[in-house]
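Listed below, chain by chain, are the residues.
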Amino acid sequence: MVNRILFWTGFGLIVRFWQLGIEMRPFFNRKSLWAYPVFGGVGASFGYWLQGVDERQTKMLEERKQAILEKRARRAQREASAATAAPSEIAA
């Protein structure tokens, strides 16, 4: 979780450097230093949100996987009981 937040914080800071590079302005101007924590914070909040999305999707996929495995087990049990019942019916 921390890795994703740190990555997106760094991405936000890189975006700020890129913006200043495109504008050809100095990177560390006293009047514009406030923007670095803002860009880093926006990046960190995006990383935090993305981590939550990933956890929710992983949980949903695990639930679906378990439901499918249970369904397959019930089907295999039904087919096995049908296969054992069928030969006795044929012999009779």
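Residues numbered from 1 in each chain as written. Predicted model: local features only at pLDDT ≥ 70, side-chain atom pairs only at ≥ 80, totals over all residues. Heavy atoms only, no water.

Topic: the pattern of salt bridges
At step 1: This structure, assessed with the given rule, holds three salt bridges.
At step 2: Between D54 and R4 there is a salt bridge, with the nearest N and O atoms lying 3.6 Å from each other. Taken as a pair, D54 in helix α2 (residues 35-91) and R4 in helix α1 (residues 2-23) lie far apart in primary sequence, 50 residues in all.
At step 3: What makes R4 partly exposed here is its relative accessible area of 28%.
At step 4: Residues R25 and E23 are paired through a salt bridge, measuring 2.6 Å at the closest nitrogen-oxygen approach.
At step 5: Residue class for R25 comes out partly exposed when judged on its relative accessible area of 37%. (Salt bridge = Lys/Arg side-chain N within 4 Å of Asp/Glu carboxyl O. Helix = DSSP H or I, 4+ residues; strand = E, 2+ residues; numbered from the N terminus. Buried < 20%, exposed > 50% of the residue type's maximum accessible area, 1.4 Å probe, protein only.)

Details of the UniProt feature "transmembrane region" (unreviewed entry) in the protein
At step 1: With numbering aligned to this structure, UniProt lists the feature "transmembrane region" (unreviewed entry) at residues 5-21 and 33-50.
At step 2: This span, residues 5-21, is 100% helix and 0% strand, and a straight line between its end C-alpha atoms measures 24 Å.
At step 3: In this annotation, residues 33-50 is assigned 89% helix and 0% strand; the end-to-end C-alpha distance for the span is 27 Å. (UniProt positions renumbered as here; feature names shortened; annotations may be inferred.)

Section: the side chain of Q51
At step 1: By the element assignment, Q51 lies in helix α2.
At step 2: Exposure remark for Q51: the relative accessible area of 11% places this residue in the buried category.
At step 3: For Q51, the contacting residues outside a window of four places in its chain are M1 and R4. (Contact = heavy atoms within 4.5 Å.)

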